[in-house]
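The lines below spell out each chain.
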Amino acid sequence: MKRRLFLVLTLCLIALPVGVRAQDLRPPRLTTVTQDRYRLQPGDVLEVQYRYSPEFNQTVTVQPDGYITLEIGGDLKVAGFTIEETRQAILRQATKRLQDPVATIVLKEFQKPYFVVAGEVTTPGKIEMRERVTAIQAIMLAGGMKETAKSSQVVVFRKINSDMAEVKLLNLKSVRRTSDLENDLTLQAGDMVFVPRDRISKIERFMKLASVAAFMAPRL
């Protein structure tokens, strides 16, 4: 069971939905709540509609490598783009064959956002994010902390690009005791909350995803 959970967590780290492109490294986001628009992921399905050239309308699926294949313009990488960014990119491709094209992009199917809770909780695993949720609420959705949990050192990992994750250490002991919500954190889709058993002596603010997996392994 523990080995299976570790495998799931490792795969989640690799496939976490990201709001940045692989080559970008935005400023740390774990101290603020953001309301970014949805960004495309592999498996999402788009309907491309041309106002004046409906014969080129098509439905495309974002491939595992992040590309879609257009009848006008060929392959185009859109993973990590918002719908508007995708529309603009498609228009740039379409202008190679059409004069002043006008297009509408409809998101038909999308990957449901989720977060992961692991460690010393009753029911660790992947949980669908249906509304705004904080770290303590996520832990409660996972059945709450076990008696062995180190609630003063809960760790949140947030993927910021294809290689790195930002790390935030939370003291939720005071939240449980005094309802001091200043020590809580609003999660974003793809965040992973880890409740340790033992005290963590040192943890970096930024970690490579491979190091995150190694960090998790002996504690599962």
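For the structure itself, consult the block above.
Residues numbered from 1 in each chain as written. Predicted model: local features only at pLDDT ≥ 70, side-chain atom pairs only at ≥ 80, totals over all residues. Heavy atoms only, no water.

Caption draft 1: The overall build of the chain, seen in detail. In terms of helices and strands, the chain carries five helices and eleven strands. With 220 residues in all, the chain has 45% of them scored as buried. Taking contacts inside the chain between residues at least 6 apart in sequence as the whole, the part at least 24 apart equals 59%. Working note: accessible area of the chain is about 12,400 Å², and carbon and sulfur atoms make up 49% of it. (Helix = DSSP H or I, 4+ residues; strand = E, 2+ residues; numbered from the N terminus. Buried < 20%, exposed > 50% of the residue type's maximum accessible area, 1.4 Å probe, protein only. Contact = heavy atoms within 4.5 Å. Areas by Shrake-Rupley, 256 points an atom, 1.4 Å probe, with all protein chains shown as cover.)

Caption draft 2: Broad picture of unusual backbone geometry. Phi is positive for Asp100, which is not a glycine, with a value near 50°. Tracing the backbone shows Asp100 in the loop between helix 2 (83–94) and strand 5 (103–109). The exposure class of Asp100 is exposed, given its relative accessible area of 62%.

Caption draft 3: The arrangement of the pattern of salt bridges in detail. Enumeration according to the criterion identifies six salt bridges in this entry. Salt-bridge contacts for Glu85 lead to Arg39; the nearest nitrogen and oxygen are separated by 3.2 Å. Highlighted residues: Glu85 in helix 2 and Arg39 in the loop between helix 1 (2–15) and strand 1 (45–50), separated in sequence by 46 residues. Its salt-bridge partner being Glu120, residue Arg197 comes within 3.6 Å of it at the nearest N-O pair. Of the two residues, Arg197 is situated in the loop between strand 10 (192–195) and strand 11 (206–208) and Glu120 in the loop between strand 6 (114–119) and strand 7 (125–128); the sequence distance between them amounts to 77 residues. (Salt bridge = Lys/Arg side-chain N within 4 Å of Asp/Glu carboxyl O.)

Caption draft 4: Fine view of the packing of aromatic side chains. Overall, the coordinates contain one aromatic pair when judged by the stated rule. Ring plane angle 65° and centroid distance 5.7 Å describe the contact between Tyr38 and Phe110, whose orientation is recorded as edge-to-face. With Tyr38 in the loop between helix 1 and strand 1 and Phe110 in the loop between strand 5 and strand 6, this residue pair connects regions lying 72 residues apart in the sequence. You can call Phe110 partly exposed: its relative accessible area is 47%. (Phe/Tyr/Trp six-rings, centres within 6.5 Å; stacked < 30°, edge-to-face > 60°.)

Caption draft 5: Broad picture of the pairing of strand 8 (residues 154–159). The buried fraction of strand 8 amounts to six of the six residues, a majority that puts the element mostly inside the structure. Going residue by residue along strand 8, you find Val154, Val156 and Arg158 tucked away on one face and Val155, Phe157 and Lys159 tucked away on the opposite face as well. As judged from the six bridges shared by strand 8 and strand 9 (residues 164–170), these two strands associate in the antiparallel manner. By the bridge assignment for strand 9, Phe157 is matched with Val167. Remark: four residues form the turn of the hairpin made by strand 8 and strand 9, two consecutive strands paired antiparallel. By the bridge criterion, three bridges tie strand 8 to strand 10 in an arrangement that is antiparallel. By the bridge assignment, Val156 is partnered in strand 10 with Val193. (Pairing = 2+ DSSP bridges.)

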